Amino acid sequence: MKTNMGKFDRALRIVLAAILVWVAFGTGLAAAGGLHWLALAVAAVFAVTAVVGNCPLYSLVGLRTCRDC
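Residues numbered from 1 in each chain as written. Predicted model: local features only at pLDDT ≥ 70, side-chain atom pairs only at ≥ 80, totals over all residues. Heavy atoms only, no water.

J.: Teacher, can you tell me more about helix α1 (residues 7–26) here?
T.: For an α-helix the count is 3.6 residues per turn, leaving residues at separations of three or four pointing the same way. With 20 residues, α1 extends 28 Å between its outermost C-alpha atoms, agreeing within 8% with the 28 Å of an ideal straight helix rising 1.5 Å per residue. Looking at α1, one finds that the buried residues are Asp9, Arg13, Ala17 and Ala24. On an axial view of α1, the arc spanned by its buried residues comes to 80 degrees, and they lie on one face. In α1, the exposed positions angled more than 90 degrees off the buried face are occupied by Lys7, Phe8 and Trp22. Packing partners of the buried residues in α1 comprise α2 (34–52) and α3 (56–61). (Helix = DSSP H or I, 4+ residues; strand = E, 2+ residues; numbered from the N terminus. Expected span 1.5 Å × (residues − 1). Buried < 20%, exposed > 50% of the residue type's maximum accessible area, 1.4 Å probe, protein only. Arc of directions from axis to C-beta. Contact = heavy atoms within 4.5 Å.)

Set out below in structure tokens:
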């Protein structure tokens with residue numbers, strides 16, 4: 001897998017993942033059931049793609065936010 005995400009994009013995804021985890025656990029969303037799990041799933045996808053540095057959706061559309069790659 002080739003890196004197709006820049007540093008800013010990766011940092012933004014980590015921040016968004018942290019916010020989604022807080023929303024899932026820190027608010028009353030946990031009582032909503034399905035929305036709780038949806039927020040955690042999206043947070044997990046954001047976190048994994050940020051750590052790996054590759055977004056499959058970017059690969060499909062040919063988008064790269066990384067200047068070095």
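Next comes the rest of the description.
J.: I tried to follow α2 on my own but got confused; where do I start?
T.: Across its 19 residues, α2 extends 27 Å between first and last C-alpha, which sits within 8% of the 27 Å expected from 1.5 Å per residue. Those residues of α2 that sit buried are His36, Ala39, Leu40, Ala43, Thr49 and Ala50. Next to the buried residues of α2 lie α1 and α3. Trailing α2 by a residue or two, Gly53 shows a phi angle of about 85 degrees, which is positive.

J.: Hey, could you run me through the pattern of salt bridges in this one?
T.: Close approach of charged atoms allows side chains with opposite charge to pair. The tally for this structure, following the rule as stated, stands at 1 salt bridge. The residue Asp9 makes a salt bridge to Arg13 at a minimum N-O spacing of 3.5 Å. Of this pair, Asp9 and Arg13 both sit in helix α1, separated by 4 residues, roughly a single helical turn. Take Asp9 and Arg13: they sit in the same class, and that class is buried. (Salt bridge = Lys/Arg side-chain N within 4 Å of Asp/Glu carboxyl O.)

Remember, this is a structural readout, not a statement about activity or role.
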